[in-house]
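In case you want the letters, here they are:
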Amino acid sequence: MQQQPDWLRYDRDHVWHPYATVHSDTPIWPIVEARGAEIRLADGRWLVDGMASWWSVIHGYRHPVLDAALKAQIDRFSHVMFGGLTHEPAVELARRLLTIAPGSLDHVFFADSGSVAVEVALKMAIQCWDGRGQPQRKRFLTIQSGYHGDTFGAMSVCDPENGMHRLFSGFLPEQLFAPAPPLASEADDGSALEAFETLLKQHRNEIAAVILEPIVQGAGGMRIYRPDYLKSVAALCRQHDVLLILDEIATGFGRTGTLFACEQAGVEPDILCLGKALTGGYMTLAATLVSDEVARDICRSEAGALMHGPTFMANPLACAVAGASIDLLLSRPWRDRVIAIERQLEQGLAPCRDLHTITDVRTIGAIGVIELKGNHLPPGIQETLVGAGVWVRPFRNLVYVMPPYVIEDAQLATLTEAICEVLSTRLQMQPSPNPPL
Ligand code: PMP
């Protein structure tokens, strides 16, 4: 084993990590290389990656096609402003997105991250109603246990309990929250939908849009719900003339077994948010897609234009690699691969069902989730998983995997066996405080 690198000490003292404190003793692992579905630690160990770098690296690390696309674009230009200028990588990416996106979406706004794509979607909805002569429509209706990002608008529509509402109350806009739909494995007495409909009817003249994650609620609880619920929500939005924003930032590009999760309910959004796997996880880029009808009304609003325009909008490198990533996905039997991963996850995680501290094991597409009783994980679970040769990042009472689609069967077996083994041995121990996401 090699020594820990020097820069790791500097990291601990000066570099902020996600949802982290400074001067913390929480372990952090230095990565020096990544290839396929594995990442290599500075001490030489390779870990099987169960996270696909927060669900984005669908084709694995250092894919030759994506590497080549990026290098080719570097030799042309890495960036130009998008105000008043345009370039082929952005236009060809927009063309691809509008071709594969569900429903009739006609315009693409490129944003720098998922959270910003959500901010843009919220702005679009508010400006659309302004253009329609109903400027009072400025609130959003959503469901509990959702997650849409960490910027303020996005945060305001995250779950109010496990989100950051208390911390930022007084500053965050106050939105409307319906109960989360039951899990697909639970009985559905229809009460969640009824409560949703009641809120929608009560507030329809204030609501600009409904926003939710279709089929899978990710960071808000890794919950899988029935397509029927989404179908009914979409129908209610149409009936009561409220826009529907679908956040497919986590579910887009095949993760749930369909190219977009909303296809499972046969619904079409007015506004669609994409991110994460858009670039195959190579670079930060997101997109907000909108129908022509909504886009026209946005442009009739008092401002006369959509009021957003980030410095790195439609970054050519990110657009070039995103275009290559989509072509690569569509050129492969990605659906068969995702369904094969689902089957293997189902089988591989099944032994965890027998552990008495586990309340649920659920899978959909290339997503596997283990939910523990209570609100705590065993102490040191992250270190133990790394010791077992896998990179999995549990949070709250959830251990989950969303591996790259290129993960080999043997690597996936390593992942599920390590998780089952670590949980069955560590669940005997005392609970630890909540680790961050
Ligand atoms: N929406 C969803 C559904 C997400 O899962 C995430 C990220 N986990 C976001 C929005 C925010 O994306 P980003 O982290 O790129 O800002």
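Quick caveat: nothing in here was measured; it's all calculated off a predicted structure.

## Here we look at the overall build of the protein chain
Piece 1. Along the protein chain, the regular secondary structure elements total 13 helices and 16 strands.
Piece 2. Expected size for 437 residues packed as a compact globule is a radius of gyration near 22 Å; at 22 Å, the protein chain falls within 12% of this value.
Piece 3. A principal-axis box enclosing the C-alpha atoms of the protein chain has dimensions of 65 × 55 × 45 Å.
Piece 4. In the protein chain, buried positions account for 55% of the 437 residues.
Piece 5. Across the protein chain, the fraction of contacts at a sequence separation of at least 24, relative to all contacts at a separation of at least 6, is 72%.
Piece 6. For the protein chain, the computed accessible surface area is about 18,900 Å², with 54% contributed by carbon and sulfur atoms.
Piece 7. Between the centroid of the 36 positive side chains of the protein chain and the centroid of its 50 negative side chains there is a distance of 1 Å.

## A closer look at the pairing of strand S10 (residues 243-247)
Piece 1. In terms of burial, S10 is a largely internal element, 5 of the 5 residues being buried.
Piece 2. Burial along S10 is two-sided: the residues Leu 243, Ile 245 and Asp 247 and Leu 244 and Leu 246 are all buried.
Piece 3. As paired elements, strand S7 (residues 207-212) and S10 share 4 bridges and run parallel to each other. Residue pairing in the sheet places Ala 209 in a bridge with Leu 243 of S10.

## Description of the pattern of salt bridges
Piece 1. For the coordinates displayed, the defined rule picks out 18 salt bridges.
Piece 2. Linking Lys 201 and Glu 197 is a salt bridge whose minimum nitrogen-to-oxygen distance equals 3.4 Å. In this pair, Lys 201 and Glu 197 are both assigned in helix H7 (residues 191-203), 4 residues apart and thus about one turn of the helix distant.
Piece 3. Of the residues examined, Lys 201 reaches a relative accessible area of 47% and is grouped as partly exposed.
Piece 4. As a salt-bridge pair, Asp 409 and Arg 337 come within 3.5 Å of each other at their nearest N and O atoms. In this pair, Asp 409 sits in helix H13 (residues 409-426) while Arg 337 sits in helix H11 (residues 334-349), placing the two residues 72 residues apart along the sequence.
Piece 5. For Arg 337, a relative accessible area of 23% gives the class partly exposed.
Piece 6. Here the salt bridges share partners, and the residues they tie into one network are Arg 132, Glu 293, Asp 297 and Arg 300.

## Notes on the site of the ligand
Piece 1. Inspection of the region around the ligand gives Trp 55, Ser 113, Gly 114, Ser 115, Tyr 147, His 148, Gly 149, Glu 213, Asp 247, Ile 249, Ala 250 and Lys 276 as its neighbouring residues.
Piece 2. One of the backbone N or O atoms of Gly 114 is found 2.9 Å from an oxygen atom in the ligand.
Piece 3. Separating a nitrogen atom of the ligand from a side-chain N or O atom of Lys 276 is a distance of 2.9 Å.
Piece 4. For the ligand, whose accessible area on its own is 390 Å², the fraction buried by protein is 82%.
Piece 5. Of the pockets mapped on this structure, the ligand occupies the second largest pocket.

## Examining the domain arrangement of the protein chain
Piece 1. Along its sequence, the protein chain is carved into domain 1 (6-62 + 333-426) and domain 2 (76-331).
Piece 2. Computed from C-alpha atoms alone, the centre-to-centre distance between domain 1 and domain 2 is 27 Å.
Piece 3. With 31 residues of domain 1 in contact, the opposing surface of domain 2 contributes 34 residues.
Piece 4. Carbon and sulfur atoms supply 62% of the area buried between domain 1 and domain 2, which totals about 2,600 Å² over both sides.
Piece 5. Its largest share of buried area at the contact with domain 2, domain 1 owes to Trp 55, Trp 334 and Ile 364, together 27% of the area lost on that side.
Piece 6. The interface formed by domain 1 and domain 2 includes 0 salt bridges.
Piece 7. There are 15 residue pairs in polar contact (both at pLDDT 80 or more) connecting domain 1 and domain 2.
Piece 8. Those elements that place two or more of their residues in the side of domain 1 that touches domain 2 are helix H2 (52-55), H11, strand S13 (358-364), strand S14 (367-372) and strand S16 (398-401).

## As for the sheet that holds strand S3 (residues 46-49)
Piece 1. If you trace the 4 strands from one edge of the open sheet to the other, you get S1-S2-S3-S15, paired in mixed fashion. The open sheet has two edge strands, strand S1 (31-35) and strand S15 (390-391), and neither has a second partner.
Piece 2. Pairing between S1 and strand S2 (residues 38-41): 4 bridges, direction antiparallel. The residue bridging Glu 33 from the neighbouring strand is Arg 40, located in S2.

## Notes on a negative patch on the surface
Piece 1. A cluster of acidic residues, Asp 188, Asp 189, Glu 194 and Asp 228, forms a negative patch on the protein surface.
Piece 2. Inspection of the secondary structure assignment puts Glu 194 in helix H7.
Piece 3. Given the relative accessible area of 54%, Glu 194 is considered exposed.

About the cut-offs
Residues numbered from 1 in each chain as written. Predicted model: local features only at pLDDT ≥ 70, side-chain atom pairs only at ≥ 80, totals over all residues. Heavy atoms only, no water. Helix = DSSP H or I, 4+ residues; strand = E, 2+ residues; numbered from the N terminus. Rg over C-alpha atoms; globule rule 2.2 N^0.38 Å. Buried < 20%, exposed > 50% of the residue type's maximum accessible area, 1.4 Å probe, protein only. Contact = heavy atoms within 4.5 Å. Areas by Shrake-Rupley, 256 points an atom, 1.4 Å probe, with all protein chains shown as cover. Lys, Arg positive; Asp, Glu negative; His and termini not counted. Charge placed at Lys NZ, Arg CZ, Asp CG, Glu CD. Pairing = 2+ DSSP bridges. Salt bridge = Lys/Arg side-chain N within 4 Å of Asp/Glu carboxyl O. Near = heavy atom within 4 Å. Polar contact = N/O pair within 3.5 Å; in protein donor to acceptor, adjacent residues only side chain to side chain. 1 Å grid on protein atoms, 1.4 Å probe; cavity = no way out; pocket = protein on both sides within 12 Å on 5 of 7 lines; lining within 4 Å. Sits in = over half its atoms within 2 Å of the grid points. Domains from an automatic or database assignment. Buried area = accessible area lost by both parts, 1.4 Å probe. Patch = residues over 30% accessible without salt bridge, like charges linked within 9 Å, V, L, I, M, F, W, Y side chains within 5 Å.

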